[in-house]
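Results of the structural survey
Residues per chain, in single letters:
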Amino acid sequence: MEAVLPDPTRFAGKAVIVSGAARGIGEGIAERFAAEGAKVLLVDVIPEVVETAARLGQVALVKSVTDRDAGEVMAKAALDAFGRIDILVNNAGIGGSKRLMESDDALIDRFLDTNLAAVLRVTRAVVPHLPRPGGRIVNISSIFGITGYPGTTAYAVAKAGVAQFTRQLAGELAPEGILVNAVAPGLIATPMTTGHRQNALYTRLIVEGTPVERMGTPADIAGPVAFLCSEDAAFVTGVVMPVDGGFLAARHGKI
Ligand SMILES: NC(=O)c1ccc[n+]([C@@H]2O[C@H](COP(=O)([O-])OP(=O)(O)OC[C@H]3O[C@@H](n4cnc5c(N)ncnc54)[C@H](O)[C@@H]3O)[C@@H](O)[C@H]2O)c1
């Protein structure tokens, strides 16, 4: 049977905010929502987001999610452009952290602020504008927020925090009809992982250790994110869904 994807009407009339959308996974998520009929605000700290949004026929905002007013500015930009906000995707993040004993205070602060605290602050500012019922939030965690992997300590701790934030908030917002879920990607080919992909040990552990025997693509993450925001997922909340080619479930026996 041939897949009929994407569905150009699935998110018609909906407005979506995607952070970290200039490139990589966030760009893939924005592209998927746009292809399925949504209006999308692409937010990023790098000005390339303007080009990405233009390519998709959508709206850009150059803003760091770490700015204390980021959530308010993002919400206002989406409301000014679309008059509503239905879906928030907290995707912006930084990679490349280190072992604890090589992590100075600045590194720890940067990872916990960008990859965790900013997610809480932005979400707190956007939630009042989401429809009740019907609002959806998807956070991007990581397989390294679920299993240990030496060498990415502050990153992994932040991503575990994102997973727990997802469960906490799901309970807090379910009575209001807002669903909160997370996706935990495996190794995805994006600018963030270019360096990792040149590291032979990492590639052997992660790529060869993945049962489907390939890296993921931004589109592999965008599909599950869209599913979690669709009516098909109306009874799904508080879930942290690994999208990792089977890495967490059954790390390949060859390794
Ligand atoms: N690529 C992977 O293998 C992988 C695996 C698991 C989780 N993730 C997560 O997926 C998300 C996207 O990662 P990616 O691989 O596409 O990375 P990427 O570096 O290719 O893209 C991340 C985007 O976020 C933006 N960003 C960074 N800091 C920001 C800030 N303060 N404010 C606004 N935007 C900011 C960057 O400019 C960039 O455009 C991240 O949260 C990452 O931790 C990635």
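In this text the structure is predicted, and so the values were computed from the model without any measurement. (Residues numbered from 1 in each chain as written. Predicted model: local features only at pLDDT ≥ 70, side-chain atom pairs only at ≥ 80, totals over all residues. Heavy atoms only, no water.)

The next thing to look at is helix H1 (residues 24-35). Taking 1.5 Å per residue as the helical rise, H1 with its 12 residues ought to reach 16 Å, and the 17 Å between its terminal C-alpha atoms agrees with that figure. Of the residues making up H1, those classed as buried are Gly24, Ile25, Gly26, Gly28, Ile29, Ala30, Arg32 and Phe33. Downstream of H1 by one or two residues, Gly37 has phi in the positive range, about 95°. (Helix = DSSP H or I, 4+ residues; strand = E, 2+ residues; numbered from the N terminus. Expected span 1.5 Å × (residues − 1). Buried < 20%, exposed > 50% of the residue type's maximum accessible area, 1.4 Å probe, protein only.)

Pairing within the open sheet is parallel, and its seven strands lie in the order S3-S2-S1-S4-S5-S6-S7. Edge positions in the open sheet fall to strand S3 (59-62) and strand S7 (240-243), since each of these has one partner strand only. Taken pair by pair, the neighbouring strands of this sheet meet at an average axis angle of 20°, ignoring direction. Where strand S5 (residues 136-140) lies against strand S6 (residues 179-185), five bridges are found, and the strand directions are parallel. Looking across to S6, one finds that Ile140 is bridged to Val183. Running at roughly 170° to S3, helix H2 (residues 48-56) makes contact with strand S2 (39-44) and S3 of the sheet. (Pairing = 2+ DSSP bridges. Axes fitted to C-alpha atoms, helices over the stretch in contact; angles between N-to-C directions. Contact = heavy atoms within 4.5 Å.)

Glancing now at the site of the ligand. Around the ligand lies a shell of 30 residues, among which Arg23, Asp44, Asn91, Tyr155 and Thr190 are the nearest. In this structure, an oxygen atom belonging to the ligand sits 2.8 Å away from a side-chain N or O atom of Lys159. One nitrogen or oxygen atom from the side chain of Thr190 is found 2.5 Å from an oxygen atom belonging to the ligand. Notes on the ligand: free accessible area 820 Å², of which the protein chains cover 94%. (Near = heavy atom within 4 Å. Polar contact = N/O pair within 3.5 Å; in protein donor to acceptor, adjacent residues only side chain to side chain. Areas by Shrake-Rupley, 256 points an atom, 1.4 Å probe, with all protein chains shown as cover.)

The subject of this paragraph is the pattern of salt bridges. For the structure on display, the rule yields 12 salt bridges. For Asp113, the salt bridge is made with Arg121, and the minimal N-O distance between the two is 3.1 Å. Through salt bridges with shared partners, one network takes in Arg10, Arg32 and Glu36. (Salt bridge = Lys/Arg side-chain N within 4 Å of Asp/Glu carboxyl O.)

Here we come to the UniProt feature "domain: Ketoreductase" (unreviewed entry) in the chain. Here the UniProt feature "domain: Ketoreductase" (unreviewed entry) sits at residues 14-186. Helix makes up 45% of residues 14-186 and strand 18%. Its end C-alpha atoms lie 28 Å apart. (UniProt positions renumbered as here; feature names shortened; annotations may be inferred.)

Okay, the side chain of Asp86 next. Tracing the chain through its elements places Asp86 in the loop between helix H3 (70-82) and strand S4 (87-90). When its relative accessible area of 1% is taken as the criterion, Asp86 is described as buried. Reaching out from Asp86, the side chain makes a polar contact with the backbone nitrogen of Ala15 at a distance of 2.7 Å. In this view, Asp86 contacts Gly13, Lys14, Ala15, Leu130, Pro131, Gly134, Gly135 and Arg136; residues no more than four positions away in its chain are not counted.

Take unusual backbone geometry next. Excluding glycine, a negative phi dihedral is what most residues carry, and trans is how most peptide bonds are arranged. A cis amide bond links Arg132 with the next residue in sequence, Pro133, at an omega value of 0°. You can see Pro133 is positioned in the loop between helix H4 (105-126) and S5. Despite not being glycine, Glu213 shows a phi value in the positive range, around 60°. Turning to its location among the elements, Glu213 is positioned in the loop between helix H7 (200-206) and helix H8 (218-228). Look at Glu213 and you get partly exposed, because its relative accessible area is 45%.

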